[in-house]
Amino acid sequence: KAGVTQTPRYLIKTRGQQVTLSCSPISGHRSVSWYQQTPGQGLQFLFEYFSETQRNKGNFPGRFSGRQFSNSRSEMNVSTLELGDSALYLCASSPRGGYGYTFGSGTRLTVV
Amino acid sequence: DQQVKQNSPSLSVQEGRISILNCDYTNSMFDYFLWYKKYPAEGPTFLISISSIKDKNEDGRFTVFLNKSAKHLSLHIVPSQPGDSAVYFCAASSTGNQFYFGTGTSLTVIP
């Protein structure tokens, strides 16, 4: 079966702009989580969506937001981009929750 | 506040020998732990997990040990192979819906 698909794979944006990243989970998976990976910080949890509802949220500013659609696809939006937002953004899906995460390949965001 | 720590950023091991990757955590409420492997330009892939009711879980060449009193877990790879060269992340959770990841250990297996 198809894995977790993240688009785009690479993105370059300018400070102050906003960006939207997309994640299509494995068919049948209803939970989608987003993580930010930066050097030296590991993977930092952003938020988790389940059945179109945000179920958990990490310690990120309000500039980071997300949503999930009825087909379980999820989008993550970052507004007013800062240089420090440059990172690999990973999406993970699972049937119901974190046990059994499958990660996508990520979107590499560079803010210049 | 890093609740899961991997204090060794890198590790080099000869092919055929044992690789031991370590992970420490601070939250005593964590009851489920996982190890992920990550190759460059790919997302992390699940390797092995352990719940707090066990102290050891084995899957082929991979064994995870959990020491709850020390809040420490380790991943043993025996024998190590060049294809095991990757970054390894440990992760912990108390809810199953939010995982705390370590900063990763880059393993290099030398042929």
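Read on for an overview of the structure.

So, on to the layout of surface pockets. A volume near 220 Å³ is recorded for the second largest pocket. Along the walls of the second largest pocket sit 15 residues, with Gln37, Leu88 and Arg108 of chain A together with Lys38 and Ala41 of chain B positioned nearest its centre. Only strand S4 (31-38) and strand S9 (87-94) of chain A provide two or more residues apiece to the lining of the second largest pocket.

A separate point is the interface of chain A and chain B. Contacts between chain A and chain B engage 24 residues on the former and 19 residues on the latter. Summed over both sides, the interface of chain A with chain B buries roughly 1,600 Å², with 55% coming from carbon and sulfur. Connecting chain A to chain B are zero salt bridges. Linking chain A to chain B there are two residue pairs in polar contact (both at pLDDT 80 or more). Breaking the side of chain A that touches chain B down by element, the ones donating at least two residues are S4, strand S5 (42-50), strand S6 (53-57) and S9 of chain A. Top contributing element to the side of chain A that touches chain B by residue count: S5 of chain A, with five residues. The residue inventory of the side of chain A that touches chain B, partitioned by class, reads eight nonpolar, 11 polar and five charged.

Tallied over the entire structure, the rule returns 16 aromatic pairs over all chains. Plain terms: the ring middles of Tyr101 of chain A and Phe99 of chain B are 5.4 Å apart, the flat faces sit at 55° to each other, and that makes the pair tilted. Here Phe99 of chain B lies in the loop between strand S9 (86-93) and strand S10 (100-101) and Tyr101 of chain A lies in the loop between S9 and strand S10 (102-103), a pairing that spans two chains. Ring centres of Tyr36 of chain B and Phe46 of chain B lie 6.0 Å apart, and the angle between their planes is 75°; this geometry places the pair in the edge-to-face category.

Residue and element names in this part refer to chain A. Strand S8 (residues 74-78) sits mainly inside the fold: five of its five residues count as buried. Across the two faces of S8 the burial is the same, with Ser74, Met76 and Val78 and Glu75 and Asn77 all buried. Pairing between strand S3 (residues 19-24) and S8: five bridges, direction antiparallel. Each bridged residue has a counterpart across the sheet, and for Cys23 the counterpart in S8 is Ser74. Relative to S8, strand S7 (residues 64-68) runs antiparallel, the two sharing five bridges.

On to the pattern of salt bridges. Residues and elements named next belong to chain A. Evaluation of the coordinates by the stated rule reveals six salt bridges over all chains. For Arg63, the salt bridge goes to Asp85, with nearest N and O atoms at 2.8 Å. One end of the pair, Arg63, is in the loop between S6 and S7; the other, Asp85, is in the loop between S8 and S9, and 22 residues separate them in sequence. With a relative accessible area of 15%, Arg63 lands in the buried category. The salt bridge involving Arg67 is made with Glu75; its shortest N-O contact spans 3.2 Å. The exposure class assigned to Arg67 is partly exposed, which follows from its relative accessible area of 48%. Owing to a relative accessible area of 16%, Glu75 belongs among the buried residues under this scheme. Taken together, the salt bridges that share partners define one network made up of Arg63, Glu82 and Asp85.

All names here are of chain A. Ordered by their spatial adjacency, four strands build an open sheet running S1-S3-S8-S7, and the pairing between neighbours is antiparallel. Pairing within the sheet leaves two strands with one partner each, and these edge strands are strand S1 (5-7) and S7. Recorded for the sheet is a direction-independent mean angle of 20° between the axes of neighbouring strands.

This part takes up the state of the cysteines. The final tally for this structure, using the stated rule, is two disulfides over all chains. The disulfide that involves Cys23 of chain A links it to Cys91 of chain A, with 1.8 Å between the sulfurs. Judged by the sign of its S-S torsion, about -55°, the bond between Cys23 of chain A and Cys91 of chain A is left-handed. Here Cys23 of chain A is found in strand S3, whereas its partner Cys91 of chain A is found in strand S9, with 68 residues between them in sequence. Of the residues examined, Cys23 of chain A reaches a relative accessible area of 0% and is grouped as buried. By relative accessible area, which is 0% here, Cys91 of chain A ends up buried. With a sulfur-sulfur separation of 1.9 Å, Cys23 of chain B is cross-linked through a disulfide to Cys90 of chain B. Given an S-S torsion of about 65°, the disulfide between Cys23 of chain B and Cys90 of chain B has right-handed geometry. In this pair, Cys23 of chain B sits in strand S3 (residues 19-25) while Cys90 of chain B sits in strand S9, placing the two residues 67 residues apart along the sequence. Grouping residues by exposure puts Cys23 of chain B and Cys90 of chain B together as buried.

Thresholds applied
Residues numbered from 1 in each chain as written. Chains lettered and ligands numbered in written order. Predicted model: local features only at pLDDT ≥ 70, side-chain atom pairs only at ≥ 80, totals over all residues. Heavy atoms only, no water. 1 Å grid on protein atoms, 1.4 Å probe; cavity = no way out; pocket = protein on both sides within 12 Å on 5 of 7 lines; lining within 4 Å. Points joined across faces, edges and corners; volume = space filled by probe spheres on them. Helix = DSSP H or I, 4+ residues; strand = E, 2+ residues; numbered from the N terminus. Contact = heavy atoms within 4.5 Å. Buried area = accessible area lost by both parts, 1.4 Å probe. Salt bridge = Lys/Arg side-chain N within 4 Å of Asp/Glu carboxyl O. Polar contact = N/O pair within 3.5 Å; in protein donor to acceptor, adjacent residues only side chain to side chain. Nonpolar A, V, L, I, M, F, W, Y, C, P; charged D, E, K, R; others polar. Phe/Tyr/Trp six-rings, centres within 6.5 Å; stacked < 30°, edge-to-face > 60°. Buried < 20%, exposed > 50% of the residue type's maximum accessible area, 1.4 Å probe, protein only. Pairing = 2+ DSSP bridges. Axes fitted to C-alpha atoms, helices over the stretch in contact; angles between N-to-C directions. Disulfide = S-S within 2.5 Å.

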